[in-house]
Amino acid sequence: DTAVSQTPKYLVTQMGNDKSIKCEQNLGHDTMYWYKQDSKKFLKIMFSYNNKELIINETVPNRFSPKSPDKAHLNLHINSLELGDSAVYFCASSQDLGNRNTEAFFGQGTRLTVV
Amino acid sequence: RKEVEQDPGPFNVPEGATVAFNCTYSNSASQSFFWYRQDCRKEPKLLMSVYSSGNEDGRFTAQLNRASQYISLLIRDSKLSDSATYLCVVINQAGTALIFGKGTTLSVSS
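What you are looking at is a predicted structure, and each value in this text was computed from that prediction instead of being measured.

Moving on, we get to the packing of aromatic side chains. Residue and element names in this part refer to chain A. With the rule as written, the count across this model stands at 12 aromatic pairs over all chains. Both rings, one in Tyr35 and one in Phe106, keep their centres 5.7 Å apart while their planes meet at 50°; by these two values the pair is tilted. In this pair, Tyr35 is assigned in strand β4 (residues 31–37) and Phe106 in strand β10 (residues 105–106), connecting sequence segments 71 residues apart. Neither residue differs from the other here; Tyr35 and Phe106 are each classed as buried.

Let us look at the nonpolar core. Core analysis: the biggest nonpolar cluster contains 43 residues, and Tyr35 of chain A together with Trp35, Tyr36, Ile71, Tyr86, Leu98 and Phe100 of chain B have the highest contact counts within it. If you tally residues by element for this core, the top one is strand β9 (residues 84–91) of chain B, at seven residues. In contact with Phe100 of chain B, not counting residues within four places along its chain, are Tyr35, Phe42, Leu43 and Phe106 of chain A together with Val4, Tyr36, Pro44, Leu87, Cys88 and Val89 of chain B. Ile21, Leu76, Ile78 and Tyr89 of chain A belong to the second largest nonpolar core, which has 20 residues in total.

As a further point, take the interface of chain A and chain B. If you look at the interface, chain A gives 22 residues, while chain B gives 22 residues. Buried area between chain A and chain B, summed over both chains or domains, comes out near 1,900 Å², and the portion from carbon and sulfur atoms is 59%. Put simply, chain A and chain B have zero salt bridges between them. Remark: the boundary between chain A and chain B carries four residue pairs in polar contact (both at pLDDT 80 or more). Among the residues forming the side of chain A that touches chain B, the class breakdown is 12 nonpolar, six polar and four charged.

Rules and cut-offs
- Residues numbered from 1 in each chain as written.
- Chains lettered and ligands numbered in written order.
- Predicted model: local features only at pLDDT ≥ 70, side-chain atom pairs only at ≥ 80, totals over all residues.
- Heavy atoms only, no water.
- Phe/Tyr/Trp six-rings, centres within 6.5 Å; stacked < 30°, edge-to-face > 60°.
- Helix = DSSP H or I, 4+ residues; strand = E, 2+ residues; numbered from the N terminus.
- Buried < 20%, exposed > 50% of the residue type's maximum accessible area, 1.4 Å probe, protein only.
- Core = buried A, V, L, I, M, F, W, Y, C linked by side-chain atoms within 4.5 Å.
- Contact = heavy atoms within 4.5 Å.
- Buried area = accessible area lost by both parts, 1.4 Å probe.
- Salt bridge = Lys/Arg side-chain N within 4 Å of Asp/Glu carboxyl O.
- Polar contact = N/O pair within 3.5 Å; in protein donor to acceptor, adjacent residues only side chain to side chain.
- Nonpolar A, V, L, I, M, F, W, Y, C, P; charged D, E, K, R; others polar.

Honestly, it's all geometry; don't read function into it.
Pasting the structure below:
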């Protein structure tokens, strides 16, 4: 069973469209994240949710809206897609990061290409 | 100053070589440190946590120097399968997210 699964794996869409990426974890973790990995391979935190509540919202355009219907799911909706949104988006989950042994598990990534 | 800085490499080494990666972090209050590994077109995966006393896992040794805010990873007897990007990771001060360095790329050749 996949621990963190996100769909779709690939997404090609035109500028201006609205798209969603879904993420689910079956690890019973309390915290879920969205990261963006750009063309230079830099992984940057976008959002962090703990028990369905938003706890981090980095400097991300408000075209990006996360939604957590329950603690096992964290979806990402993107409005009015722009060329610069092209990247790989990773969902991840972990238990409380206060424990130095906490491991974050990542989904396989969604490769978004905006044309 | 970036929160986590790494030499991006690439490091190109022959099989059997010993290679060391370095990382510095800016927040002296950081408490938890890790090395993650990311293979090409795959997701990052935890390689090892980094403890103040230093720790070893087989051919991999991680060290932490809090005074210098410096983390290192040593790989001995490199294998072809070690070829990947190694990501230095620090938990942010609020304990709410993992902050990644840009990664160091290692290529091991036969």
